[in-house]
Amino acid sequence: MAESLQEIPDDSVYYADAKEEILDECETVWKRMKECQSKLKFLETETLPKSNAKFSLSIMHMKALTAEYNQWQKRSPEMISTNPDILLSLGKKELQKVKDDLESVLSAVQLKNKNLEEDLKREQQWYEEQKQLIDTLSRTQEETKNQVERVSNKSLNTRAFHEQKKKILQLKIYKKKLLTVLEEFLEEHFPPPEKGGSAEKKNSQEEPVVQLKPLQDILEILIDKSVGTPHEPYVPIDDSFWPPYLELLLRHGIAQRHPENPDRMRLEAFHG
């Protein structure tokens, strides 16, 4: 707006004439006012009745105001001057004043807008900082939650591992007891073959003597094969397997021969 309003120059050519003309008109108005004042003073000097002087004075004052009011009602607004040059000069001055006022308002509005923009910028910066803080806290909370879950799972896994380890140890102890009891039972009821009872060949020529296995060794071989290679549980039968013990195992359903190869046998699948 300040750029659109051009500076209004002061018309110094007509200023002196305008001033002179206005002074003349003021002088005329001043003379008329003095005449009116003289007439009023003359009216005020009239003698008022002493009985009701205050009331009569009020009546006269009211009549004077009424007359003045009627005069003002009849009069039409008078211009200061009818000289176009004077009016142009006064109009320029008024426009210049309006222009200055508008420029002041514009400066104040621009300053206020600048302050509002700075406030908005600060508020946006504060919002971003709060948002980053919330994101950081959310990530920290999530990480802490995951850590707590991992520690909890680790604790559970450790506890389960120790429990499993304890059970395995108990099973080993129980297995050892069973093997001890089984060994005592076998030694008592199924003693090892006598040394003189080693396996002999049909021909009478001297051949290497085969040491016969005790029943406990045969059972351990069958058990280890069944557990170690469950897909191929059969073991070959050689001369170290004493025939009475083989017959005992087969007859009582503890072991069974291979369906296609009678020289191989396996432990019966009791768990099946």
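Structural notes, computed from the coordinates. The structure presented is a predicted model; accordingly, all values stated were derived computationally and were not measured. (Residues numbered from 1 in each chain as written. Predicted model: local features only at pLDDT ≥ 70, side-chain atom pairs only at ≥ 80, totals over all residues. Heavy atoms only, no water.)

Across its full length, the protein carries five helices and three strands. Starting at the N terminus, the α and β elements of the protein follow one another as α-α-α-α-β-α-β-β. With 272 residues in all, the protein has 11% of them scored as buried. Partitioning the contacts of the protein with sequence separation of at least 6, the portion at a separation of at least 24 is 61%. Accessible area of the protein: about 23400 Å², with a carbon and sulfur share of 57%. (Helix = DSSP H or I, 4+ residues; strand = E, 2+ residues; numbered from the N terminus. Buried < 20%, exposed > 50% of the residue type's maximum accessible area, 1.4 Å probe, protein only. Contact = heavy atoms within 4.5 Å. Areas by Shrake-Rupley, 256 points an atom, 1.4 Å probe, with all protein chains shown as cover.)

Right, let's talk about the pattern of salt bridges for a bit. Evaluated as defined, the whole model comprises four salt bridges. The residue Glu 232 makes a salt bridge to Arg 264 at a minimum N-O spacing of 2.7 Å. Of this pair, Glu 232 sits in the loop between α4 (215-228) and β1 (235-236) while Arg 264 is found in strand β3 (residues 264-267), placing the two residues 32 residues apart along the sequence. Residue classification places Glu 232 among the partly exposed residues on the basis of a relative accessible area of 31%. Since its relative accessible area comes to 25%, Arg 264 is described here as partly exposed. (Salt bridge = Lys/Arg side-chain N within 4 Å of Asp/Glu carboxyl O.)

Two elements, β1 and β3, share two bridges in a ladder whose sense is antiparallel. When the sheet's bridge partners are listed, Pro 236 is paired in β3 with Arg 264. As paired elements, strand β2 (residues 255-257) and β3 share three bridges and run antiparallel to each other. Each residue of the ladder has a partner; that of Gln 256, found in β3, is Arg 266. Connecting β2 to the next strand, β3, in antiparallel fashion are six residues. (Pairing = 2+ DSSP bridges.)

Turning to a negative patch on the surface, a few remarks are in order. On the surface, Glu 183, Glu 184, Glu 187, Glu 188, Asp 217, Glu 220 and Asp 224 cluster together to form a negatively charged patch. Those elements that place two or more of their residues in the negative patch are α3 (84-189) and α4. Sort the elements by how many residues they give to the negative patch and α3 lands first, with four residues. Among the secondary structure elements, Glu 220 is positioned in helix α4. (Patch = residues over 30% accessible without salt bridge, like charges linked within 9 Å, V, L, I, M, F, W, Y side chains within 5 Å. Lys, Arg positive; Asp, Glu negative; His and termini not counted. Charge placed at Lys NZ, Arg CZ, Asp CG, Glu CD.)

Take the sheet that holds β3 next. With respect to topology, three strands assemble into an open sheet ordered β1-β3-β2, the strand pairing being antiparallel. Lying at the two open borders of the sheet, with one neighbouring strand each, are β1 and β2.

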